[in-house]
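# Descriptive analysis of the structure
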Amino acid sequence: VLCSADAIVFPKQPGLRAATSVSLAADASLAAVERELSDAIVFCVKSWGVAGRNMYWAPFLKVEVASNGEERFRGLSEFCRTQGLTVVRADRAD
């Protein structure tokens, strides 16, 4: 996942759909952004299929933070924490 000041971009899921971008426009409602984030995360997890017998998925977000995305990353991390989802910051390959 890539986090910048104006969007959070979920990568293309293999064999499914194109990348998903959640706009973080200044005039966007918080509820709408949270709903879009939840939908994008759920879609990614569902694309994995069913876990094996006696197994379970333990999803987390690995997030690259753009130079202008620090504040958005903090907000994303807090939102995910309240949803029980771990966020891991990835090194950015510039």
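Presented here is a report on the structure given in the accompanying data block. (Residues numbered from 1 in each chain as written. Predicted model: local features only at pLDDT ≥ 70, side-chain atom pairs only at ≥ 80, totals over all residues. Heavy atoms only, no water.)

## Some points on helix H2 (residues 70–82)
Rules: Numbering of helices and strands runs from the N terminus; a helix is a DSSP stretch of H or I covering at least four residues, while a strand is a stretch of E covering at least two. To estimate the expected span of a helix, subtract one from its residue number and multiply by 1.5 Å. Exposure classes here rest on a 1.4 Å probe applied to the protein chains alone. A residue is buried below 20% of its type maximum, exposed above 50%, and partly exposed in between. What the arc covers is the set of directions going from the helix axis to the C-beta atoms.
Between its terminal C-alpha atoms H2 stretches 19 Å, which fits the 18 Å expected from 13 residues at 1.5 Å a residue. Taken residue by residue, H2 has Phe73, Leu76, Phe79 and Cys80 as its buried positions. When H2 is viewed along its axis, its buried side chains cluster within an angular range of 125° and face the same direction. Across from the buried face of H2, at angles greater than 90 degrees, the exposed residues are Glu71, Arg74 and Arg81.

## Considerations on the packing of helix H1 (residues 30–46) against H2
In plain terms, the rule: The axes are straight lines fitted to the C-alpha atoms, using for helices just the contacting stretch, and the angles between their N-to-C directions are given from 0 to 180°. With respect to orientation, any angle under 35 degrees is reported as roughly parallel, any angle over 145 as roughly antiparallel, any angle of 65 to 115 as roughly perpendicular, and every other angle as oblique. Helix crossings get a hand from a simple test, with the near helix turned counterclockwise from the far one by less than a right angle marking a left-handed crossing and a clockwise turn marking a right-handed one. Here, residues are in contact when the closest pair of their heavy atoms is within 4.5 Å. Each residue gets one label: Ala, Val, Leu, Ile, Met, Phe, Trp, Tyr, Cys and Pro are nonpolar, Asp, Glu, Lys and Arg are charged, and the others, such as Gly, are polar.
Contact geometry for H1 and H2: axes closest at 12 Å, N-to-C directions at 70°. Judged on the interaxial angle alone, H2 and H1 are roughly perpendicular. Like other packed secondary-structure pairs, H1 and H2 cross with a definite hand, here right-handed. Facing H1, whose interface residues are Glu34, Leu37, Ser38 and Ile41, H2 presents Leu76, Phe79 and Cys80. Its residues assigned to classes, the contact of H1 with H2 shows five nonpolar, one polar and one charged.

## A word on the side chain of Ser4
Heads up, the condition is: A 3.5 Å cut-off defines polar contacts: any pair of N or O atoms within that distance qualifies, except that in protein one atom must be a possible hydrogen donor and the other a possible acceptor, and neighbouring residues in sequence count only when both atoms are side-chain atoms.
Mapped onto the secondary structure, Ser4 falls in the loop between strand S1 (2–3) and strand S2 (7–10). Of note is the side chain of Ser4, whose polar atom sits 2.9 Å from the side chain of Asp6. Contact partners of Ser4, with chain neighbours within four places excluded, come to Leu24, Ala66, Asn68, Gly69 and Arg72.

## Quick word on unusual backbone geometry
The backbone of Asn54 shows a phi angle near 60°, a positive value even though the residue is not glycine. On the secondary structure map, Asn54 appears in the loop between H1 and strand S4 (60–65). Residue classification places Asn54 among the exposed positions, given a relative accessible area of 76%.

## What to know about the pairing of S4
For the record, the criterion: In this scheme, strands are said to pair when DSSP sees at least two bridges between them. The handedness of a crossover follows from its direction of travel: if, with the strands pointing away from the viewer, the path from the first strand over the helix to the second runs clockwise, the crossover is right-handed.
Residues of S4 alternate between two faces, with Leu61, Val63 and Val65 buried on one and Phe60, Lys62 and Glu64 left unburied on the opposite face. As defined by bridge partners, S1 adjoins S4 across two bridges and the pair is classed as parallel. From the neighbouring strand, Cys3 faces S4, where its bridge partner is Val65. Two elements, S4 and strand S5 (residues 86–90), share five bridges in a ladder whose sense is parallel. Following the sheet pairing, Lys62 is matched in S5 by Val88. In this region the chain leaves S4, passes through H2 and returns to the parallel neighbour S5; the handedness of that crossover is right-handed.

## Describing the pattern of salt bridges
Put simply, the test is: In the sections that follow, a salt bridge refers to a side-chain nitrogen of Lys or Arg positioned within 4 Å of a carboxyl oxygen of Asp or Glu.
Applying the stated criterion across every chain yields a total of two salt bridges. With a shortest N-O distance of 2.5 Å, Glu70 and Arg89 are connected by a salt bridge. Linking Glu70 in helix H2 with Arg89 in strand S5, this pair joins segments that are 19 residues apart in sequence. Since its relative accessible area comes to 44%, Arg89 is described here as partly exposed. A salt bridge links Arg81 to Glu78, with the shortest nitrogen-to-oxygen separation between them at 2.6 Å. Taken together, the positions of Arg81 and Glu78, both in helix H2 and three residues apart, correspond to about one turn of that helix. By relative accessible area, which is 39% here, Glu78 ends up partly exposed.

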